[in-house]
Amino acid sequence: MPRPESAEHDYDVVISGASLAGSAAAILLARRGLRVALLERHSDPGAYKVLCTHSLTANAYPVLHELGLVPALEKAGAMRNTARWYTRWGWIEPRPAPGGPELPYAYNVRRSTLDPLIRSRAAQTPGVELLLGHRVTGLVREAGRTVGVRASTPDGEREIRARLVVGADGKDSAVAGFAGMRTWKHENTRFGYLAHYRNLPLPDGIGHTWFLEPDMAYAFPNDDGVTVLAVLPDKKRLPAFREDLEGSFSAFVRALPGAPPLDSAERISKIIGTVDYPLQIRKPTSPGVALIGDAALTGDPLWGVGCGWALQSAQWLAEAVAPALAGRGSLDRSLDRSLGRYKRRHQWRLRGHQQLAIDFAEARPFNPVEKLVFSAAARDASMARHMHRFASRLIGPGRFLNPVVMAKAAVVNIRHREV
């Protein structure tokens, strides 16, 4: 049944932010028959996010498949994100079970490759209008609902009306601010710096993460032979670290167990980072508004989950609201119910992960449960695969730390001590 047009709205959906979450949402909503305005504050279609882990965890693979991006990513040289993790008990090295399927994966790919790719795909999608150089400066509200945005454009101020406004504009979301959506912030007591290296040798050519309790580090190989190397020390080390950033960064990396040989690679970027990156949570909906990606929930960068959650939240929103926006009847009531379903799914799927991350962001050593699971994963192949599923965000904290797993971890460690 064709959707009735409305003279009251320029579009069905207006999305602020044409990065991963916004572009993915635009594609998925337009494919469901909706008219989408995709606003991007940058005028350059090749703009990309610089400070990022550049990692798409395996939970994002179904979204990449639905978007049709997998062949393009493979062609662009994106690296399947197999990884190993250092702990005080040794390396956790997830491998497929003998005769079993390969481990789930997605990709490590630089945002300079990924962002223009998905934005271009959105611009080519029938029903999407990509509006570059458009920055949201306010919301249009009627009868307690948001019914559009005001935007600064290359041609001056403009009002764009829509049935739904989506904030895909990052952790400092203007949409969330204008809508008065409360932000809960939790301190991250680590700081982070990263740099890009070309042809950095890594064993087996796969990603490495170091759990140094409380300091962290990782090296993720990306497309075009570029590896992202990041260090995330306790903030107590920040004053000394800042005195000599180049020397401190290099010394930290060279001291890592099994450290990547920096002298064998070419550094092709500045050392960049952030000294204050709190973990944030917002209620992801209000009447006429939905938040996706970092606008809804900003995770700890040390876990590399933000890009995957951005894509997942875009998919969850499209699945929830498209039927209401494309249907007949009382739109407001139907849309509110749909937004409620999106909010519940978002919170159910991500809040547990975020709470664990908030706890670990206190830059503390492993607690007893973490010691039990990580030590067992370093000693047992099936426990390592279980750890991989959780790190890939394919299972939640409940399944990751269920009583059966805890009992198995205990048995693994008891047997190890008996050997």
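Below you will find a few notes about this structure. Every value quoted in this text rests on a predicted model; they were computed, and no experiment measured them. (Residues numbered from 1 in each chain as written. Predicted model: local features only at pLDDT ≥ 70, side-chain atom pairs only at ≥ 80, totals over all residues. Heavy atoms only, no water.)

**Concerning the packing of aromatic side chains**
The line we're drawing: Stacked, tilted and edge-to-face are the three classes applied to pairs of Phe, Tyr and Trp rings, where Trp contributes its six-membered ring and a pair requires centres within 6.5 Å; stacked means planes under 30 degrees apart, edge-to-face means over 60, and tilted covers the rest. Numbering of helices and strands starts at the N terminus; helices are DSSP runs of H or I of at least 4 residues and strands are runs of E of at least 2. Buried residues are those whose accessible area, probed at 1.4 Å on protein chains only, stays under 20% of the maximum for their type, while exposed residues exceed 50% and partly exposed ones sit between those limits. Any Lys NZ or Arg CZ that is within 6 Å of a ring centre and within 35 degrees of that ring's normal is treated as a charge sitting over the ring.
For the structure shown, the criterion picks out 18 aromatic pairs. Ring plane angle 65° and centroid distance 6.5 Å describe the contact between phenylalanine 211 and phenylalanine 360, whose orientation is recorded as edge-to-face. Of the two residues, phenylalanine 211 sits in strand 14 (residues 207-211) while phenylalanine 360 sits in helix 9 (residues 331-360), which places them 149 residues apart along the sequence. Across this residue pair, the class does not change: phenylalanine 211 and phenylalanine 360 are buried. Ring geometry for tyrosine 218 versus phenylalanine 220: centroids 4.5 Å apart, planes at 15°, classification stacked. Side by side, tyrosine 218 and phenylalanine 220 carry an identical accessibility label, which is buried. Directly above the ring of phenylalanine 390 sits arginine 393, whose terminal nitrogen or CZ lies 4.8 Å from the centroid.

**A look at unusual backbone geometry**
The phi torsion of most residues other than glycine is negative, and most of the peptide bonds are trans. Across the junction of glutamate 213 and proline 214, the peptide omega takes the value 15°, indicating a cis bond. Relative to the elements of secondary structure, proline 214 occurs in the loop between strand 14 and strand 15 (216-221). In this model, aspartate 204 sits at a positive phi of 65°, which is unusual for a non-glycine residue. Looking at the element boundaries, aspartate 204 is found in the loop between strand 13 (192-198) and strand 14. Here aspartate 204 falls in the exposed class, since its relative accessible area comes to 61%. In this structure, alanine 363 takes a positive phi of about 55° despite not being glycine. Judged by its relative accessible area of 9%, alanine 363 falls in the buried class.

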